[in-house]
Amino acid sequence: MEAGVMEETAMTEAEASSLPIHVETIAKTVERAWEMALGTSTREEIDLRTAQLIGHLNLVAEECRTLDKEKYPRVWLLLRAVDKHLAEGALPSRRAHAHDAYHFMRDSAIFTSSLLGALTLAREHQ
């Protein structure tokens, strides 16, 4: 049986953003987000997972920004979408419904997975 969100070592968004990219760790965080269900996850679990994902997303996005815009135009389009997703006010407040927080978390997982995949492919072709 896999450990639940609250049993994991909590890593803040700032801590995750300062780490080197570790593909397996990021992929595992994304996988755990996708395993969460709205009806069985607490708001605290959703918020913790979202913070982890945002930290990873910022880290991967910064690395993707080093890619050549002309060689990887689709990555740059995705980066613009990520910027909108993470824009000030986009993150659901503590007063928002758990439903909104859950879907923001899921979107964060999709963006993280997409950028991580693009970065991995770009690194393989360099």
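One can find the structure itself at the top, above this paragraph.
Values in this document were obtained by computation on a predicted structure and should not be read as measured data.

Asks: I would appreciate a short explanation of the pattern of salt bridges in the present structure.
Replies: A pair can form between side chains of opposite charge whenever their charged atoms are brought close. Inspection of the entire model under this criterion finds seven salt bridges. Residue R43 pairs with D47 through a salt bridge whose shortest N-O separation is 2.9 Å. Of this pair, R43 and D47 both sit in helix α3 (residues 43-64), four residues apart, which is roughly one turn of that helix. Relative accessible area serves as the criterion here: at 23%, D47 is assigned to the partly exposed category. Members of the salt-bridge network, linked through shared partners, are R43, E44, D47 and R94.

Asks: Can you walk me through the nonpolar core in this structure?
Replies: Across soluble globular proteins, nonpolar side chains show a tendency to be buried alongside one another. Within the largest apolar cluster, 20 residues are counted, with the highest numbers of intra-cluster contacts made by I21, V60, C64, L67, V75, L79 and L115. Elements that contribute at least two residues to this core include exactly α3, α4 (73-86) and α5 (98-124). Residue contributions to this core peak at six residues, all from α5. Excluding its chain neighbours within four sequence positions, the residues that come into contact with L67 are Y72, V75, W76, L119, A122 and Q126. Judged by nonpolar contacts, the second largest core, of nine residues, contains A33, L53, A101 and A109.

Asks: Just checking my understanding: could you explain the environment of A61 for this structure?
Replies: Turning to its location among the elements, A61 is positioned in helix α3. For A61, a relative accessible area of 2% gives the class buried. Residues A61 and L119 lie 58 residues apart in sequence; the distance between their C-alpha atoms is 8.9 Å. Residues contacting A61, with those up to four places away along its chain left out, are L79 and L115.

Asks: Hey, could you run me through the packing of helix α2 (residues 23-35) against α3 in this one?
Replies: Each pair of packed helices can be described by the angle between their axes along with the distance between the axes. Two elements in contact, α2 and α3, have axes whose closest approach is 10 Å; the angle formed by their N-to-C orientations is 140 degrees. With respect to α3, the element α2 is oriented oblique. For the pair α2 and α3, the crossing hand works out as left-handed. Between α2, through T25, I26, T29, V30, R32 and A33, and α3, the contact on the second element is made entirely by R49, Q52, L53, H56 and V60.

Quick notes on the rules
- Residues numbered from 1 in each chain as written.
- Predicted model: local features only at pLDDT ≥ 70, side-chain atom pairs only at ≥ 80, totals over all residues.
- Heavy atoms only, no water.
- Salt bridge = Lys/Arg side-chain N within 4 Å of Asp/Glu carboxyl O.
- Helix = DSSP H or I, 4+ residues; strand = E, 2+ residues; numbered from the N terminus.
- Buried < 20%, exposed > 50% of the residue type's maximum accessible area, 1.4 Å probe, protein only.
- Core = buried A, V, L, I, M, F, W, Y, C linked by side-chain atoms within 4.5 Å.
- Contact = heavy atoms within 4.5 Å.
- Axes fitted to C-alpha atoms, helices over the stretch in contact; angles between N-to-C directions.
- Parallel < 35°, antiparallel > 145°, perpendicular 65-115°, else oblique.
- Left-handed = near helix turned anticlockwise from the far one by under 90°.

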